[in-house]
Amino acid sequence: MTIHPRDTDDAPNRDAAEAALKVLRNWASKASVTEVAQLDPAVARLLPGQELGNYPDLSRDYPEDFKSDEQYRATLPDLQNGPASLIRGARQLIQHVGISNFRLPIRFHTRDGGDLTLEASITGTVSLEGEKKGINMSRIMRSFYKHADRTFSFEVMATALDDYLSDLDSPDARIQMRFSFPARVNSLRSGLSGYQYYDIALELVDHDGRREEIIHLDYVYSSTCPCSLELSEHARTARGQLATPHSQRSVARISVQVKPGSNCLWYEDLIDHCRRAVPTETQVMVKREDEQAFAELNAANPIFVEDAARLFCEALQQDPRIADFRVVASHQESLHSHDAVSVLTQGPSFVTRSLDPKLFSTLIHRG
């Protein structure tokens, strides 16, 4: 007997569909959950009361009245704190892992006894051992928020660091706070004054049971090239030719480690050290007499980038509160299309053989 296969393009009628559904329901009622899922999870919807967990009938309405209690929270999955079997890649120590640039209004003391509330950008990290999957990063923020209403100092930072060091069970931890610090500065001759803003970062590092307090400061100044100054004066005297030496806006990033147990090193103290070392700080309020004075001040203090590094070094060496330090200077030249740069360190804390490829490009003054 010859059997002719049914044309698969024929659309089944309702009777055929009902018969197929009866067969499918009959099979599904006797099959295991796994067998149903392997065939097609949608088959479970044909069995009222026996829907599979991986194909639920989900609500699309936000449950505004739902409250999570302790018992419910205990059921929530926590992948970051899962077993080592979940680790992807090498089981290697990560020196820094955490969060960067969460912002808070922070109150700071000033040297004159006042307080300032400034927006601070916070970076908090810990080290992560090779056999741990990850960290709960929100704990870093929660630890910091506990102390956000206090007037900040390294002591308060240490308390916050202790909290998340304990919460995350990590051997090392770090906090860095960046902010723009305003200080009133007098003009050179006119008697006016205005606010100069200094980019400052406070850093607290806990490594191998040892704590380091570090202050970073960006100081913006004008640098007049000594060579260009001499050549300009030669043109004037030898040939009666008017000439002007080139000078440019320059930036030094001063990083100092505060000596343990020393008196408070105020931000204003560090600014004063920079100003005494290189007095040609850029000006805020300027009238004609101030502009003339600034030209005279630059002529009295011409410096190469090497001079700047050594002058800052000399000033920092004279402060007994300062231990190790680093000076990174960039003279962003008006003569050349490139910059002149220097790096000077004292002590082992800031020594490195490698430079961040973007280090000098970050030494800018935001206009």
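Throughout this document, residue positions are counted from 1 along each chain, in the order its sequence is written. Local features are withheld for residues below a pLDDT of 70 in this predicted model, meaning they are given only at 70 or higher, and side-chain atom pairs are given and counted only at 80 or more; totals for whole chains, interfaces and linings count all residues. The side-chain values count all of the structure's non-hydrogen atoms but skip hydrogen atoms and water molecules.

Per an unreviewed UniProt entry, the protein goes by GTP cyclohydrolase FolE2 and derives from Parasedimentitalea maritima. UniProt positions are given in the numbering used here, feature names are shortened, and annotations may be inferred rather than shown by experiment. What the UniProt record of the protein gives under Function (unreviewed entry) is the line "Converts GTP to 7,8-dihydroneopterin triphosphate."

**Comments concerning the side chain of Ser121**
Where helices and strands are cited, they refer to DSSP runs of H or I of at least four residues and of E of at least two residues respectively, numbered from the N terminus. Counting through the fold element by element, Ser121 comes out in strand S2 (residues 115–128). Buried means the residue's accessible area, taken with a 1.4 Å probe over protein chains only, is under 20% of the maximum for its type, while exposed means over 50%, and partly exposed covers the values in between. By relative accessible area, which is 7% here, Ser121 ends up buried. Whether two residues touch is decided by their heavy atoms; if any such pair falls within 4.5 Å, the residues are in contact. Setting aside anything within four residues of it in sequence, one finds Ser121 in contact with Asn101, Phe102, Arg103, Gln176, Met177 and Arg178.

**Some remarks on the domain arrangement of the protein**
Interface size is often expressed as the accessible area that is lost when the parts come together. Here the limits of each domain have been adopted from an automatic or database domain assignment. Partitioning the protein into structural domains gives domain 1 (95–171) and domain 2 (178–366). Taking only C-alpha atoms into account, the centre of domain 1 sits 29 Å from that of domain 2. Taken together, the contact between domain 1 and domain 2 spans 17 residues of the former and 19 residues of the latter. Two parts placed together each lose some accessible area under a 1.4 Å probe, and the buried area is that loss summed for both. Regarding the contact of domain 1 and domain 2, the summed buried area is about 1,600 Å², with carbon and sulfur atoms giving 62% of it. For domain 1, the biggest contributors to the area lost against domain 2 are Arg111, Phe154 and Leu161; these three give 40% of the whole.

**Here we look at the side chain of Ser143**
Tracing the chain through its elements places Ser143 in helix H4 (residues 138–145). At 2.8 Å, the side chain of Ser143 and the backbone oxygen of Arg139 are in polar contact. Beyond its immediate chain neighbours, meaning those up to four positions away, Ser143 contacts Ala160, Asp163, Tyr164 and Asp167. Any N or O atom pair separated by 3.5 Å or less is treated as a polar contact, with the protein-specific requirement of one donor-capable and one acceptor-capable atom, and with residues adjacent in sequence counted only for side-chain atom pairs.

**Considering the state of the cysteines**
Any pair of cysteine sulfurs within 2.5 Å is marked as a disulfide. Taken as a whole and judged by the stated rule, the model has 0 disulfides. Free of any disulfide, Cys225 has its nearest neighbouring cysteine sulfur in Cys227, separated by 5.2 Å. On the accessibility criterion, Cys227 (41% relative accessible area) is partly exposed.

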